[in-house]
Amino acid sequence: MTLKTEPFVVNVGPQHPSTHGVFRLRLTLDGEKIIDADMVMGYLHRSMEKLAEERTYTQNIPFTDRTDYLAAMTGNLAYVIAVENLAGVEPPERAQWLRTIMSELQRFASHSMAIGIFANDCGAWQTPVMHMFRDREKILDLFEMACGARLTTNYMRIGGVSRDIPPEFMPTATKLLKDLPKRLDEYENLLLENEIIVARSRGVGVLTAEQAMAHSVSGPMLRASGVAWDIRKADPYAAYDKLDFDIAVGTHGDVYDRFVVRVAEMRQSLHILEQALEMMPEGPVNAMQPTATVQPAWSAPTGPLAIRPPEGEAYARIESPRGELGFYLISDGGPAPFRFHIRSPSFINLTPLALMTVGSTVADAIVILGSVDIVVGEVDR
Amino acid sequence: MLGMVKAIGTTLRAAFRKPVTVQYPTEKKDLPHRSRGFPVLLWDFEKTEPFCTGCQVCARYCPVDCITVTMKDNPKFAEGKSKRKKIVDKFYLDYARCMRCDICVEVCNFDAIVMNNTWEGVELSRYDRQDLVMDLPELLRQSRTGDLEDPFREPMGVAHSGWAPKAGEEDEQAAQAAQPAAAAGEAAKEGGEG
């Protein structure tokens, strides 16, 4: 006698701890094997792109904090670079370095969350993530010191940054940079060779380099597949062209490699920060702020808060912790953008999810989703 | 097996570490000077009136439209006690909508509004959403009573509008900008009707 079986549909989410937000994964199962994976998104849709068309260029900066809420600094940065390209504003040298420092601090904070939550998904419930939270808090303290907020920073401005760092920032940051390598060693001891993590993630969710490129995947996910593509090297912005760092590349393109690439990137971030804190020059931090000797690049009577870029379009991309974050803006000469589009890495990195999950088990699907490191605020915008 | 032993070793070492957390409601960490709580208005102790002239620049630049301001003639100006010709009449700030982005502080030409950098600026739970709409006395309360000891006042709006205060000139500037024509000019310049 043969048993008759039929496919079974399981909804992972929208309220599920492993979906990292309000995201739904519809898995069709044959026994424990996944035969189809379908993503349902839009639960966190806030209509960012349409909202932006109603607001001036500066008013949109705090909204970019809220797309990728684990990496607000890089969200700010990508947007202001796009506006600067549109308006033809060149930020001063010190602002470029401050932007670099803040982006790298943000990358460390975001990656520490990514690997902590990934360990959560692998079953190391809360212990690793608490280690990472401790150090992330210290970075957020630095953000609070510089701009007053921890998560929704709103620090970058068109033409520079909102204000210079306070005098106590540099000693605190230097001290923190001495501590963080030790902390990173600790993370590696805790997770990198841990047999459970290796067993859960080696050879799971493999994405070859061709598949990754075909799906426009970017960031640590692409690099784990063996493609050395980093916007910081390929199309340098801020002060990255003056810095010496390596691109962390994986070989297998599986979940474990993504995790290893993130840890290696955190090392590189610390390496960049060490250089940047030393090399940062003195000077003005915003091209729009008139000083005794320098007149603003933007002519009166419109200040930067009522900036009206000339007609045209601009695209700016940066390497956010999750991948290539791009902002595409069209100006019709008015005070608000005519079109505002976000190329968000979280959303595009999800495209090969079905490819990676079909054929594996439910438990693996959770780990694969964790390794993509999505932020649902950025997926849905 | 070695990996597991290393991981357990790390966990064991962490067990003997001093905790980095504090017992929050009873024990509070120091907030940095720039900490951004909800915005509050400042009180001018010299002239015993608010710094705010009701020019509505903050209301116009608020990305979430949470500010409503009206302006009136300053009675103290007629008496010659103040150089502010116009002064704020009503000021409503909806803390439920505010997203603490700091833009109102940056555009203010009179340094009249600051982000609250005390714990009171973030501990604001209420039972009714309507109670989060703050009126003028409530917004001025912390500055008037001295609870807001050391607000972070940086002439940011100034930097953005190209207007730079010099020591001792603040009164003059305030009076100048409070003149109707000048105020209108200032507003047009600031806003560009964005």
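Residues numbered from 1 in each chain as written. Chains lettered and ligands numbered in written order. Predicted model: local features only at pLDDT ≥ 70, side-chain atom pairs only at ≥ 80, totals over all residues. Heavy atoms only, no water.

What about the overall build of chain A?
Here's step 1: When its secondary structure is counted, chain A shows 15 helices and 10 strands.
Here's step 2: Radius of gyration (C-alpha) of chain A: 21 Å, near the 21 Å computed for a compact globule of 381 residues.
Here's step 3: Taking the principal axes of the C-alpha coordinates as reference, chain A spans close to 90 × 45 × 35 Å.
Here's step 4: Of all 381 residues assigned to chain A, the portion counted as buried reaches 61%.
Here's step 5: In chain A, once contacts between residues fewer than 6 apart in sequence are set aside, the share between residues at least 24 apart is 71%.
Here's step 6: As displayed, chain A offers around 14000 Å² of accessible surface, 56% of which is attributable to carbon and sulfur atoms. (Helix = DSSP H or I, 4+ residues; strand = E, 2+ residues; numbered from the N terminus. Rg over C-alpha atoms; globule rule 2.2 N^0.38 Å. Buried < 20%, exposed > 50% of the residue type's maximum accessible area, 1.4 Å probe, protein only. Contact = heavy atoms within 4.5 Å. Areas by Shrake-Rupley, 256 points an atom, 1.4 Å probe, with all protein chains shown as cover.)

Some words on the overall build of chain B
Here's step 1: Check the secondary structure of chain B and you find eight helices and seven strands.
Here's step 2: Every one of the 194 residues in chain B was classed for burial, and the buried ones make up 46%.
Here's step 3: Here the contacts in chain B between residues at least 6 apart in sequence split such that 72% fall between residues at least 24 apart.
Here's step 4: Accessible surface, chain B as shown: approximately 10500 Å² in total, 54% of it carbon and sulfur.

So, the packing of helix H6 (residues 169-192) of chain A against helix H1 (residues 2-15) of chain B
Here's step 1: One can describe the packing of H6 of chain A onto H1 of chain B by two numbers: an axis separation of 7 Å at closest approach and a directional angle of 130°. Between H6 of chain A and H1 of chain B, the angle falls in the class oblique. Crossing handedness for the pair H6 of chain A and H1 of chain B: left-handed. Of the residues in H1 of chain B, those touching H6 of chain A at Glu 186, Asn 189 and Leu 190 of chain A are Gly 3, Lys 6, Ala 7, Thr 10, Thr 11 and Arg 13 of chain B.
Here's step 2: Each residue belonging to the contact of H6 of chain A with H1 of chain B can be placed in one class, and the counts come to two nonpolar, four polar and three charged. (Axes fitted to C-alpha atoms, helices over the stretch in contact; angles between N-to-C directions. Parallel < 35°, antiparallel > 145°, perpendicular 65-115°, else oblique. Left-handed = near helix turned anticlockwise from the far one by under 90°. Nonpolar A, V, L, I, M, F, W, Y, C, P; charged D, E, K, R; others polar.)

What to know about the side chain of Arg 84 of chain B
Here's step 1: Assignment of secondary structure puts Arg 84 of chain B in the loop between helix H3 (75-78) and strand E5 (86-94).
Here's step 2: At 3.1 Å, the side chain of Arg 84 of chain B and the side chain of Asp 44 of chain B are in polar contact. (Polar contact = N/O pair within 3.5 Å; in protein donor to acceptor, adjacent residues only side chain to side chain.)

Topic: the layout of surface pockets
Here's step 1: A volume near 1200 Å³ is recorded for the largest pocket.
Here's step 2: Lining of the largest pocket is provided by 38 residues; of these, Glu 137, Asp 141 and Arg 150 of chain A together with Val 20 and Lys 29 of chain B occupy positions nearest its centre.
Here's step 3: If one sorts the elements of the lining of the largest pocket by residue count, helix H5 (residues 127-147) of chain A sits on top with 10 residues.
Here's step 4: Split by residue class, the lining of the largest pocket holds 16 nonpolar, six polar and 16 charged. (1 Å grid on protein atoms, 1.4 Å probe; cavity = no way out; pocket = protein on both sides within 12 Å on 5 of 7 lines; lining within 4 Å. Points joined across faces, edges and corners; volume = space filled by probe spheres on them.)

Description of the packing of helix H3 (residues 72-87) of chain A against helix H4 (residues 93-122) of chain A
Residue and element names in this part refer to chain A.
Here's step 1: Axis separation between H3 and H4 bottoms out at 8 Å; the angle between their running directions is 145°. Taken as a pair, H3 and H4 cross one another with a handedness that is left-handed. Contacts between H3 and H4 involve Ala 72, Met 73, Thr 74, Leu 77, Val 80, Ile 81 and Glu 84 from the first element and Arg 99, Met 102, Ser 103 and Gln 106 from the second.
Here's step 2: Per-class residue counts for the contact of H3 with H4 are six nonpolar, three polar and two charged.

Let's talk about helix H14 (residues 362-372) of chain A
Residues and elements named next belong to chain A.
Here's step 1: Along H14, nine of the 11 residues are buried, which leaves the element largely enclosed by surrounding structure.
Here's step 2: Taken residue by residue, H14 has Asp 364, Ala 365, Ile 366, Val 367, Ile 368, Leu 369, Gly 370, Ser 371 and Val 372 as its buried positions.
Here's step 3: Trailing H14 by a residue or two, Asp 373 shows a phi angle of about 60°, which is positive.

Considerations on unusual backbone geometry
Here's step 1: For Asp 373 of chain A, which is not a glycine, the phi torsion comes out positive at approximately 60°.
Here's step 2: Tracing the backbone through its elements, the reader meets Asp 373 of chain A in the loop between H14 and helix H15 (376-380).
Here's step 3: Residue Asp 373 of chain A is classed as buried on the basis of its relative accessible area of 6%.
Here's step 4: Even without being glycine, Gln 56 of chain B reaches a positive phi, approximately 70°.
Here's step 5: In this fold, Gln 56 of chain B is placed in the loop between strand E3 (49-50) and helix H2 (57-61).

Overview of the environment of Lys 76 of chain B
Residue and element names in this part refer to chain B.
Here's step 1: Residue position: Lys 76 is located in helix H3.
Here's step 2: For Lys 76, a relative accessible area of 21% corresponds to the partly exposed category.
Here's step 3: For Lys 76, the contacting residues outside a window of four places in its chain are Lys 47, Thr 48, Glu 49, Lys 81 and Ser 82.
Here's step 4: Only 2.6 Å separates the side chain of Lys 76 from the backbone oxygen of Thr 48, close enough to count as a polar contact.

Considering the packing of aromatic side chains
Residues and elements named next belong to chain A.
Here's step 1: Enumeration over the complete set of coordinates arrives at nine aromatic pairs over all chains.
Here's step 2: Between Tyr 237 and Tyr 240, the aromatic rings sit 5.0 Å apart at their centres with planes inclined by 65°, giving edge-to-face as the arrangement. By the burial criterion, Tyr 237 is buried, and Tyr 240 matches it.
Here's step 3: Clustering of aromatic rings is evident, with ring pairs tying together Tyr 79, Phe 327 and Phe 340.
Here's step 4: Its guanidinium or amino end placed over the ring of Phe 347, Arg 381 lies 5.7 Å from that ring's centre, counting from NZ or CZ. (Phe/Tyr/Trp six-rings, centres within 6.5 Å; stacked < 30°, edge-to-face > 60°. Lys NZ or Arg CZ within 6 Å of the ring centre and 35° of its normal.)

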